[in-house]
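Overview (structure and organization)
Each chain is listed here by its residues.
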Amino acid sequence: MKLVIINDMLWGGGRERRIVQLIAGLNRISDIEITLILLDDRIDYPEVHDLRVDIIKIKRNGNRDFSVFQKIHGFLKKIRPDLVNPWSYMSTFYVAPVAKMLGIPCIGAFVVDAKAPNPLTVNWLGMKIGFWGCQQIVGNSIAGHEAYGTPKNKRIVIYNGFDEKRLARIGANPSSEGDQTVRIAMIGRLDRQKDYRTYLDSLSILRSRGVDFQAFVAGQGDQIDVLKEYAEQTCGGQVKFMGFIRDIDNFISSIDIGVLCTDPKYHAEGISNSLL
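Description of the structure in this document. The residue numbers shown here count from 1 along each chain, following its written sequence. Where totals are concerned, whole chains, interfaces and linings use all residues; where local detail is concerned, this predicted model gives features only for residues with pLDDT of at least 70, and gives and counts side-chain atom pairs only at 80 or more. Values reported for side chains reflect all heavy atoms of the structure, with hydrogen atoms and water molecules removed beforehand.

What follows covers the overall build of the protein. In this description a helix means any DSSP run of H or I spanning at least four residues, a strand means any run of E spanning at least two, and both kinds are numbered starting from the N terminus. Within the protein, the regular secondary structure consists of eight helices and eleven strands. Radius of gyration: C-alpha atoms only; globule rule: 2.2 Å multiplied by the number of residues to the exponent 0.38. What you see for the protein is a C-alpha radius of gyration of 20 Å, in line with the 19 Å of a compact globule of 276 residues. In terms of principal-axis extent, the alpha carbons of the protein reach across some 65 × 40 × 35 Å. Put simply, of all contacts in the protein between residues at least 6 apart along the chain, 67% involve residues at least 24 apart. When the accessible surface of the protein is summed, it comes to about 14,200 Å², and 51% of that surface belongs to carbon and sulfur atoms. Under the counting rule used here, the positive set is Lys and Arg, the negative set is Asp and Glu, and His together with the chain ends is not counted. Charge coordinates come from a single atom per side chain, which is NZ of Lys, CZ of Arg, CG of Asp or CD of Glu. If the 35 positive side-chain charges of the protein are averaged to one point and the 31 negative ones to another, these points end up 8 Å apart. Residue contacts are defined here by distance: any two heavy atoms, one from each residue, within 4.5 Å place the two residues in contact. Methods summary: accessible areas were calculated by the Shrake-Rupley approach with a probe of 1.4 Å, and residue burial reflects only the protein chains presented.

Here's what the structure looks like:
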């Protein structure tokens, strides 16, 4: 069987981690030729290079680069996959019409939260094209399908999983015995969809009450400079920005409290990888 998976990039996010874990799982259980098409050079999960997968990078000049249609058409026509599997709005926008034209089944996997994109945006258009062009659409929560309005005859729910083999690689907890300092962390990308301001405001309250704590922000994104400035204003020097942490399991094992704040004006969680 030939499978083509397509996504914008493999940056440090939950969607991208799931793609890598899907490929690893398929490597273990099935004889499938897998091709991963990326629309950007960025790969934050280098372990994908250790898997049995061909990686094709298609360069684009923004979301309005219509030459991507031609490039994807030529590639799919050449290898004739049995199935294509887009994971993002833009990859669905590009690949679903081409797959339909070539008669290749398409399973979308873009329902990864529980808040549909705003109407008449590029993401909204990608979603609508997915509804039209995909035979079935995988979501990681029932709430996600309900929020998106996915056609009921195309809905599949596969909850996010956890590879228990990751637990075996966790070392000893670095926290010293008897240390009363509470270690708190919020893990997620640094954008408006994750409500770091509420997290920082909460830490400020703890600080005003004299609670002994260490606080961490684990993730990367376009809000990092704004959030660092806000953290300095609200919490002094008690918040450490860790950036993208590749060995996230050992980091999680070292903290006492994990936090995930989400502003419903911008986002709604489906099944959160960081909570799992």
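The rest of the description comes next.
Let's shift gears to the pairing of strand S1 (residues 2-7). The buried label goes to any residue with under 20% of its type's maximum accessible area, the exposed label to any with over 50%, and the partly exposed label to all in between, with areas taken from a 1.4 Å probe on protein chains only. Counting buried residues in S1 gives five out of six residues, a clear majority hidden from the surface. One requirement defines pairing of two strands: DSSP has to find at least two bridges between them. Bridge count for S1 against strand S2 (residues 33-38) is six bridges, and the pairing is parallel. Counterpart to lysine 2 in the pairing with S2 is glutamate 33. If the strands point away from the viewer and the path from the first strand over the helix to the second runs clockwise, then the crossover is right-handed. A crossover links S1 with its parallel partner S2, the connecting element being helix H1 (residues 14-29), and its sense is right-handed. In this sheet, strand S4 (residues 83-86) lies alongside S1 in parallel orientation, the contact comprising four bridges. Counterpart to leucine 3 in the pairing with S4 is leucine 83.

Bringing helix H3 (residues 89-102) into the picture now. Taking 1.5 Å per residue as the helical rise, H3 with its 14 residues ought to reach 20 Å, and the 20 Å between its terminal C-alpha atoms agrees with that figure. One fitted axis covers the seven residues ending at a residue, a second covers the seven starting there, and the bend at that residue is the angle between these axes. Remark: the principal bend of H3, roughly 30 degrees, maps to valine 95, with a proline, proline 97, within the next four residues. For H3, the tally of buried residues reaches eleven of 14 residues, placing the bulk of the element in the interior. Inspection of H3 places Tyr89, Met90, Ser91, Thr92, Phe93, Tyr94, Val95, Ala96, Val98, Ala99 and Leu102 among the buried residues, and these make up the whole buried set. In this fold, the buried residues of H3 make contact with S1, helix H2 (67-79), S4, strand S5 (107-111), helix H4 (122-133) and helix H5 (142-148). One or two steps after H3, the chain reaches glycine 103, where phi turns positive at roughly 75 degrees. Every helix has an expected span of 1.5 Å times one less than the residues it contains.

Let us now look at the packing of helix H6 (residues 196-208) against helix H7 (residues 224-235). Lines fitted to C-alpha atoms define the axes, with helix axes restricted to the stretch in contact, and inter-axis angles between N-to-C directions lie between 0 and 180 degrees. Closest axis-to-axis distance for the H6/H7 pair is 9 Å, and the angle between their directions is 20 degrees. The pairing of H6 with H7 is recorded here as roughly parallel in orientation. Crossing angle aside, the handedness with which H6 passes H7 is right-handed. Contact residues: Tyr196, Arg197, Leu200, Asp201, Leu203, Ser204 and Arg207 in H6; Val226, Leu227, Tyr230, Ala231, Thr234 and Cys235 in H7. In what follows, roughly perpendicular refers to angles from 65 to 115 degrees, roughly parallel to angles under 35, roughly antiparallel to angles over 145, and oblique to any angle outside these ranges. Less than a right angle of anticlockwise turn of the near helix away from the far helix marks a crossing as left-handed, whereas a clockwise turn marks it as right-handed.

Attention now goes to the sheet that holds strand S6 (residues 136-139). If you walk across this open sheet you meet the three strands as S5-S6-S7, and the pairing is parallel. Lying at the two open borders of the sheet, with one neighbouring strand each, are S5 and strand S7 (155-157). Neighbouring strand axes in the sheet, compared pairwise and without regard to direction, differ in orientation by 35 degrees on average. The pairing of S6 with S7 spans three bridges and is parallel. Note on S7: the bridge partner recorded for isoleucine 137 is arginine 155.

Take a side-chain nitrogen of Lys or Arg and a carboxyl oxygen of Asp or Glu: if they are within 4 Å of each other, that pair is a salt bridge. Within the structure shown, the criterion is met by six salt bridges. Here aspartate 8 and arginine 60 are joined by a salt bridge, their closest N and O atoms 4.0 Å apart. Linking aspartate 8 in the loop between S1 and H1 with arginine 60 in the loop between strand S3 (54-57) and H2, this pair joins segments that are 52 residues apart in sequence. One salt bridge in this structure joins aspartate 249 and arginine 166, with 2.6 Å as the shortest N-O distance. Here arginine 166 lies in the loop between S7 and strand S8 (182-187) and aspartate 249 lies in helix H8 (residues 248-253), a separation of 83 residues in the sequence. Aspartate 249 sits in the buried class, given a relative accessible area of 14%.

What follows covers the packing of aromatic side chains. Put simply, two rings from Phe, Tyr or Trp (the six-membered ring, in Trp's case) pair if the centres are within 6.5 Å, and we call them stacked under 30 degrees between planes, edge-to-face over 60, tilted for the rest. If you walk through the whole model with that rule in mind, you get nine aromatic pairs. Seen from their ring centres, phenylalanine 93 and tyrosine 94 are 5.4 Å apart, and the 75 degrees between their planes marks the pair as edge-to-face. Take tyrosine 94: its relative accessible area is 0%, and that puts it in the buried class. Counting every residue linked through ring pairs, the aromatic cluster contains Phe66, Phe69, Phe93 and Tyr94.

To continue, consider the layout of surface pockets. Its volume calculated, the second largest pocket comes out at about 1,100 Å³. Together, 41 residues line the second largest pocket, and Arg17, Arg18, Val20, Gln21 and Leu22 are the ones closest to its centre. At the level of elements, H1, S4, S5 and H8 are the ones that each hand at least two residues to the lining of the second largest pocket. The element that contributes the greatest number of residues to the lining of the second largest pocket is H1, accounting for ten residues. Put simply, Ala, Val, Leu, Ile, Met, Phe, Trp, Tyr, Cys and Pro go in the nonpolar bin, Asp, Glu, Lys and Arg in the charged bin, and everything else, Gly too, in the polar bin. Grouping the amino acids of the lining of the second largest pocket by side-chain chemistry returns 23 nonpolar, six polar and twelve charged. A cavity here means a set of 1 Å grid points, computed over protein atoms only, where a 1.4 Å probe fits but cannot escape. A pocket is an open set with protein on both sides within 12 Å along at least 5 of 7 lines, and lining residues have an atom within 4 Å of a point. Grid points are joined across faces, edges and corners, and a volume is the space filled by probe spheres set on the points.

Worth remembering: the numbers are spatial, not functional.
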